[in-house]
Every structure is written in C-alpha cells, then in structure tokens.
Amino acid sequence: MEKLIETIVQAIEDKKGKNIVSLDLSGFDGAICSHFVVCNADTTTQVAAIADSVEEKVLEVLGEKVWRIEGQQTALWIALDFVDVVVHVFTTELREFYKLEELWADAPIKRYEYEE
C-alpha cells in the first residue's frame, strides 16, 4: 500500500501536480477504499497528463494496472481506481468547489511538498 501511494505521488510530482495529499480512510466503515490521493492542476491538459503519468508509472514500477478510470473525456476531474487507493486529479477550480478533503475531515491526512 505504502509503495503504491509513494509511486502515485512521484508520478504526480513528475508532472508538477499541486497540493498533493493522501487521506487514510481505513478507519471508516463504508469507505470505498483505504486511501485517497488528491491533487490539482491548472489546466485540463495537465490533469490528463498527470492521470496518464500515474497510470504509466504504477504499471512500470509495480506492475499494477488501474482498475477503472473516470473523467478522461473532459479532464476536469479524473479518478483512477487502484482498488485500495483512488487517485483524484482535479482542475484547481473544481477541487476548490468540491472540497473533497473537507468531506473526509476526520481522516488522517499526509501532505506532500513538491521539491524542484
């Protein structure tokens, strides 16, 4: 699990995704997965590039394929489902609108600082 999250975060950082966080949902009954990884980007082109990077890097490093991807048509919000971990790549505007982290405010959160 930790290696998967680490690989996802690295793939997001490779494409300069912003405000990367992981939420530990394992303590919540009814949660659809054990972790969310959330980030944002300023354009739909960058959102799509981040999602592609995550899919490719996880396959390359861990040999795991994404189970399901939603949102590629508009690239405003792309969700990549790796069963235990769901990655949410938002446009900055939609992330601010949906406030996903606030919906899971009780979940332990880890923030990743991008280093150039």
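A quick note: this is a predicted structure, and the numbers were derived from the prediction, not measured.

Participant: Which residues make up the overall build of the protein, and what are the values?
Facilitator: Helices and strands together make up the secondary structure of the protein, namely four helices and six strands. If you list the helices and strands of the protein from N to C, you get α-β-β-α-β-β-β-α-α-β. By the compact-globule yardstick of 13 Å for 116 residues, the protein fits well, its C-alpha radius of gyration being 13 Å. Structurally, the protein occupies a C-alpha span of about 35 × 35 × 30 Å along its principal axes. Within the protein, buried positions represent 41% of all 116 residues. Of the accessible surface of the protein, which amounts to about 6800 Å², a share of 48% is contributed by carbon and sulfur atoms.

Participant: Give me the pattern of salt bridges: which residues, what numbers.
Facilitator: Scanning the entire structure with this criterion turns up five salt bridges. Between E6 and K3 there is a salt bridge, with the nearest N and O atoms lying 3.7 Å from each other. Highlighted residues: E6 and K3, both in helix α1 (residues 2-14), separated by three residues, approximately one helical turn. For K3, a relative accessible area of 45% corresponds to the partly exposed category. In this structure, E70 and R68 form a salt bridge, with 2.7 Å as the shortest nitrogen-oxygen distance. Owing to a relative accessible area of 40%, E70 belongs among the partly exposed residues under this scheme.

Participant: Summarise the packing of aromatic side chains; cite the residues concerned and give the values.
Facilitator: Within the structure shown, the criterion is met by five aromatic pairs. Seen in terms of ring centroids, W77 and Y98 are 5.0 Å apart; in terms of plane orientation they differ by 50°. Their pairing is tilted. On the criterion of sequence distance, the pair formed by W77 in strand β4 (residues 77-81) and Y98 in helix α3 (residues 92-98) is long-range, its members being 21 residues apart. For W77, a relative accessible area of 28% puts it in the partly exposed group. Summarising the aromatic geometry, the rings of F97 and Y98 are spaced 5.0 Å apart at their centres and angled 90° between planes, so their arrangement reads as edge-to-face. Among the residues examined, F97 registers a relative accessible area of 60% and is labelled exposed. Residue class for Y98 comes out partly exposed when judged on its relative accessible area of 40%. Chaining the aromatic ring pairs together yields one cluster made of W77, F90, F97 and Y98.

Participant: Which residues make up the environment of H35, and what are the values?
Facilitator: Inspection of the secondary structure puts H35 in strand β2 (residues 35-41). Remark: the alpha-carbon pair of H35 and D84, spanning 49 residues in sequence, is separated by 6.5 Å. Ignoring sequence-local partners within four residues, the contact set of H35 consists of M1, I5, L23, D24, L25, D84, V85 and V86.

Definitions and cut-offs
Residues numbered from 1 in each chain as written. Predicted model: local features only at pLDDT ≥ 70, side-chain atom pairs only at ≥ 80, totals over all residues. Heavy atoms only, no water. Helix = DSSP H or I, 4+ residues; strand = E, 2+ residues; numbered from the N terminus. Rg over C-alpha atoms; globule rule 2.2 N^0.38 Å. Buried < 20%, exposed > 50% of the residue type's maximum accessible area, 1.4 Å probe, protein only. Areas by Shrake-Rupley, 256 points an atom, 1.4 Å probe, with all protein chains shown as cover. Salt bridge = Lys/Arg side-chain N within 4 Å of Asp/Glu carboxyl O. Phe/Tyr/Trp six-rings, centres within 6.5 Å; stacked < 30°, edge-to-face > 60°. Contact = heavy atoms within 4.5 Å.

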